[in-house]
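A structural walkthrough
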Amino acid sequence: MSRTATVSSTSRRHLLLGAAGALGAGVAGALGVPGTAAAVTSSATGSGRSTAATGTVYIASDSTAQTYSSGYYPQAGWGQKLSSYFTSNITVANRAIGGRSSRSFIEQGRLAAIHDVIEPGDYLFVQFGHNDATIGNAERYTPPADYKEYLRNDYIRATRALGATPVVVTPVSRRSYNASTGKFNVSFPAYVDAAKAVAREEGAALVDLSAASRAYLDGVGVEATKRIFLWLNAGQYPNFPDGVQDDTHFQERGAVEMARLVSRAVAGLGLPLSGEVVPTATR
């Protein structure tokens, strides 16, 4: 019997939808950018501790977090870089994949696949919102109220039922700048608010990556953020011969910085995992 049989009936109903579907298929990246990542697992590097927490961090997310092959360099996702900010006691299993919303990740059986292998003491980081907000795409669109309930029932409660710890991550900021205020806009505010609300209501750990990434972008300035996001000149990289101006996805430096922000926030959560964040993440 699948381990997902132990979760709530609401979660089980969603998890079984399409569970035999797209897990082995190649997929395109989110928001029109092709991606190549399926489940990618990597081990962190760093020194162990006498009171070490051990376990695996699973990431359920979209193309902003996914791992990209060398054929897409320098494009990268923050989940791809997260392991470098944890000690070797922690393994990162990046299941983020492009083009998925909180709902489609469930309907395609991807959350069920995580729940089949997640163990007590492990963690599930969940970040969605970018694709949930695509009203014109019926496969992805998830209204904020539904998004909130998917987080509650399928990602938080069902994960806890398996003895693992859910961590809600608000959607990372886009390169959306307001010249009149001199600040970056809140991306997907309805989804940010829903994620924060459900984490508060359920007593779940929260990484407010929306706020942290926006503060970081404000700090470096609008022009410098072109080196964070996937803004490339024609001929600069062989994988993007015509160049690109992408205000959603990251190049390698941006992915590293976003991973650092996530791990810095984790360090302050008071979880067993918090003690496994390496010092370079909190500087």
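Please refer to the structure placed before this passage.
Residues numbered from 1 in each chain as written. Predicted model: local features only at pLDDT ≥ 70, side-chain atom pairs only at ≥ 80, totals over all residues. Heavy atoms only, no water.

1. Focus on unusual backbone geometry
Note the cis peptide between Y73 and P74, where omega equals 15°. A positive phi angle, close to 55°, is found at F188, a residue other than glycine. The topology assignment puts F188 in the loop between β8 (183-184) and α6 (189-202). Given a relative accessible area of 18%, F188 falls into the buried group. (Helix = DSSP H or I, 4+ residues; strand = E, 2+ residues; numbered from the N terminus. Buried < 20%, exposed > 50% of the residue type's maximum accessible area, 1.4 Å probe, protein only.)

2. Focus: the pairing of strand β5 (residues 123-126)
Across the two faces of β5 the burial is the same, with Y123 and F125 and L124 and V126 all buried. Strand direction decides the pairing type here: strand β2 (residues 55-60) and β5, joined by four bridges, are parallel. Considered in β5, the bridge of V57 is made with Y123. With four bridges connecting them, β5 and strand β6 (residues 165-169) associate as parallel partners. For F125, the partnering residue across the bridge sits in β6 and is V167. (Pairing = 2+ DSSP bridges.)

3. Considering helix α7 (residues 209-220)
An ideal rise of 1.5 Å per residue puts 16 Å on 12 residues; α7 measures up with 16 Å between its terminal C-alpha atoms. Taken from the residues just after α7, G221 is the one with a positive phi, measuring 95°. (Expected span 1.5 Å × (residues − 1).)

4. Describing the pattern of salt bridges
Counting across every chain of the model gives 11 salt bridges. A salt bridge links E107 to R103, with the shortest nitrogen-to-oxygen separation between them at 3.0 Å. Taken together, the positions of E107 and R103, both in helix α3 (residues 102-107) and four residues apart, correspond to about one turn of that helix. For R175, the salt bridge is made with D247, and the minimal N-O distance between the two is 3.5 Å. With R175 in the loop between β6 and β7 (177-178) and D247 in strand β11 (residues 244-251), this residue pair connects regions lying 72 residues apart in the sequence. (Salt bridge = Lys/Arg side-chain N within 4 Å of Asp/Glu carboxyl O.)

It is worth stressing that arrangement in space is one thing and function is another; only the former is reported here.
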